[in-house]
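Residue-level structure breakdown
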Amino acid sequence: GDAVIERGQPSGIRTVEGVLSSLRPLSPEVMEVGIRTDGALPYHAGQYAQLCFSGYPSRPFSFTHPLSGNPNSRSVWFHVRRMKDGRVTSALGKRIRPGHRVKLTGPYGSAHFRPNLDSRLILVGTNTGFAPIWSIAVAALRENPERRMMIIAGGRTIVSLYMGLALAQLARFPNVLVVPFCSTPQTLSKAVKLGRPTDHLPRLLPTDVLYACGAPGMVDSIKSIAAQIGAVCYADPFLPTTDDTVEDGVLTRAIGWLAVPASRQMGQLARESPPQSAATADAGL
Ligand SMILES: Cc1cc2nc3c(=O)[nH]c(=O)nc-3n(C[C@H](O)[C@H](O)[C@H](O)COP(=O)(O)OP(=O)(O)OC[C@H]3O[C@@H](n4cnc5c(N)ncnc54)[C@H](O)[C@@H]3O)c2cc1C
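Structural notes, computed from the coordinates. (Residues numbered from 1 in each chain as written. Predicted model: local features only at pLDDT ≥ 70, side-chain atom pairs only at ≥ 80, totals over all residues. Heavy atoms only, no water.)

**Topic: the overall build of the protein**
Within the protein, the secondary structure is distributed over six helices and 13 strands. In the protein, which comprises 285 residues, the proportion classed as buried is 48%. Considering only contacts in the protein between residues 6 or more positions apart, those separated by 24 or more positions represent 69%. Surface accessibility of the protein: about 14100 Å² in total, with carbon and sulfur atoms responsible for 54%. (Helix = DSSP H or I, 4+ residues; strand = E, 2+ residues; numbered from the N terminus. Buried < 20%, exposed > 50% of the residue type's maximum accessible area, 1.4 Å probe, protein only. Contact = heavy atoms within 4.5 Å. Areas by Shrake-Rupley, 256 points an atom, 1.4 Å probe, with all protein chains shown as cover.)

**Examining the nonpolar core**
By size, the foremost hydrophobic cluster in this structure holds 33 residues, and its most contacted members are Leu123, Phe130, Met149, Ile151, Leu167, Leu170 and Tyr211. Put simply, the parts of the chain that give this core at least two residues each are β8 (121–126), α1 (130–143), β9 (149–155), α2 (164–171), β10 (176–182) and β12 (209–214). The element contributing the most residues to this core is α1, with eight residues. For this core, the domains that each give at least three residues are domain 1 (7–108) and domain 2 (121–237). Ranked by size, the runner-up nonpolar core spans 21 residues in total, among them Ile35, Phe53, Phe63 and Ile96. (Core = buried A, V, L, I, M, F, W, Y, C linked by side-chain atoms within 4.5 Å. Domains from an automatic or database assignment.)

**Remarks on the side chain of serine 160**
By secondary structure assignment, the location of serine 160 is in the loop between β9 and α2. Judged by relative accessible area, serine 160 falls into the buried class, the value being 4%. Only 2.8 Å separates the side chain of serine 160 from the backbone oxygen of threonine 157, close enough to count as a polar contact. When sequence neighbours within four positions are dropped, the list of residues in contact with serine 160 reads Glu29, Asn127, Gly154 and Gly155. (Polar contact = N/O pair within 3.5 Å; in protein donor to acceptor, adjacent residues only side chain to side chain.)

**Examining the site of the ligand**
Not every one of the 22 residues close to the ligand is listed here, only the nearest: Arg59, Pro60, His79, Arg81 and Thr89. Contacts to the ligand include arginine 87, whose backbone N or O atom sits 2.8 Å from an oxygen atom. For the ligand, the accessible surface in isolation is 900 Å², of which the surrounding protein chains cover 78%. Mapped by element, the contributors of at least two residues to the shell around the ligand are β5 (59–62), β6 (75–81) and β13 (232–237). (Near = heavy atom within 4 Å.)

**Some words on the sheet that holds β6**
In spatial order, the strands read β5-β4-β7-β2-β3-β6; together these six strands make up an open sheet with antiparallel pairing. Of all the strands in the sheet, just β5 and β6 have a single pairing partner and so form its edges. Across this sheet, the average inter-strand angle for adjacent strands is 40 degrees, counted without regard to direction. By the bridge criterion, six bridges tie strand β2 (residues 14–25) to strand β7 (residues 101–108) in an arrangement that is antiparallel. Bridged to arginine 14 within β7 is glycine 106. (Pairing = 2+ DSSP bridges. Axes fitted to C-alpha atoms, helices over the stretch in contact; angles between N-to-C directions.)

**Notes on the packing of aromatic side chains**
Counting across every chain of the model gives six aromatic pairs. Judged by centre distance (6.1 Å) and plane angle (20 degrees), the rings of phenylalanine 130 and tryptophan 134 are stacked. Of this pair, phenylalanine 130 and tryptophan 134 both sit in helix α1, four residues apart, which is roughly one turn of the helix. Take phenylalanine 130 and tryptophan 134: they sit in the same class, and that class is buried. Through successive ring pairs, a cluster of aromatic residues spans Tyr43, Phe63 and Phe78. (Phe/Tyr/Trp six-rings, centres within 6.5 Å; stacked < 30°, edge-to-face > 60°.)

**Quick look at the layout of surface pockets**
Considered as a void within the structure, the second largest pocket measures approximately 400 Å³ in volume. Tyr43, His44, Ala45, Pro71 and Ser135 are the residues nearest the centre of the second largest pocket, which is lined by 20 residues in total. When residues of the lining of the second largest pocket are traced back to their parent elements, those giving at least two are β6 and α1. Per-element accounting of the lining of the second largest pocket gives the leading share, four residues, to α1. Considered class by class, the residues forming the lining of the second largest pocket number 12 nonpolar, seven polar and one charged. Three or more residues apiece are contributed to the lining of the second largest pocket by two domains, here domain 1 (7–108) and domain 2 (121–237). (1 Å grid on protein atoms, 1.4 Å probe; cavity = no way out; pocket = protein on both sides within 12 Å on 5 of 7 lines; lining within 4 Å. Points joined across faces, edges and corners; volume = space filled by probe spheres on them. Nonpolar A, V, L, I, M, F, W, Y, C, P; charged D, E, K, R; others polar.)

**A look at the pattern of salt bridges**
Where charged atoms from two side chains of opposite charge approach closely, those side chains can pair. Summed over all chains, the structure comprises seven salt bridges. For the salt bridge of arginine 101 with aspartate 38, the shortest nitrogen-to-oxygen distance reads 3.2 Å. Here arginine 101 is found in strand β7, whereas its partner aspartate 38 is found in the loop between β3 (30–37) and β4 (48–53), with 63 residues between them in sequence. Classification of arginine 101 as partly exposed rests on a relative accessible area of 38%. With its nearest N and O atoms 3.5 Å apart, the salt bridge here joins lysine 223 to aspartate 220. In this pair, lysine 223 and aspartate 220 are both assigned in helix α3 (residues 216–229), three residues apart and thus about one turn of the helix distant. Residue classification places lysine 223 among the buried positions, given a relative accessible area of 15%. Salt bridges sharing common partners tie together Glu17, Asp38 and Arg101. (Salt bridge = Lys/Arg side-chain N within 4 Å of Asp/Glu carboxyl O.)

The structure is reproduced here in structure tokens:
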């Protein structure tokens, strides 16, 4: 089968400036992030952007559809999971608040919705892997409200199911089968199935089109199951970022400043204040 692995694509990529306009907790660990941009940033459902909050390193996040209301051409939406000790995500709602400047570069990614097909869609997302899945599901249903579709969404614990309201909206379509899951036993809801996403896949057909977004291990498993059947699988593994460069940022300047011999620093101190910023404080500088 054709497994299409996530890769940046060089054409049509642009950078736009924006401001964090909305920050809404969806669960103890996930925030819905709305950014008002100074210019349009066209993308396909399923693609992602590099977000650079002023003073912080860039991080990739997948465009999504707002959970309530409609998108407009000057706002973009994301679901961001706060990582423990995450340099960027753990600052959301703390040092990064509405009004914070942000630079967006994109769109990237080939695991995006392909229009004008009528094959069955199997959409699988773990945790905020649901962000691109939700975007793809909305795009597919807008094109054809009768498109056959299965959506498998969840995570390790019931807390991962921040997307309950979106799943309820999708489940209203008779042609859409929604399977919420978590891999740890829970007693809160009978609707939430126990197990891993691969436990809940239907019998696949070579004509199925799969999208798998989120935990890299899950994405790999879905890809190899699809390949055995010969079905197309678009994959978007959420890998951690390894490059922590802060472009043109105060942090870079602060590190440069700290590298200057102490005697010069003292002289400079007399003439100017040391750099004070969210980024420097966050990095413990
Ligand atoms: C193509 C792509 C699209 C993505 N889309 C989204 C999205 O829509 N929503 C979203 O919440 N996340 C998404 N991610 C993941 C997101 O980019 C990372 O969670 C984010 O970079 C963490 O940044 P940080 O500075 O807070 O953490 P860091 O300071 O970089 O890392 C803190 C700790 O968390 C670990 N860590 C970081 N990222 C991950 C991860 N993804 N999985 C497991 N451990 C991790 C690190 O190894 C480290 O131990 C996407 C990733 C990719 C590659």
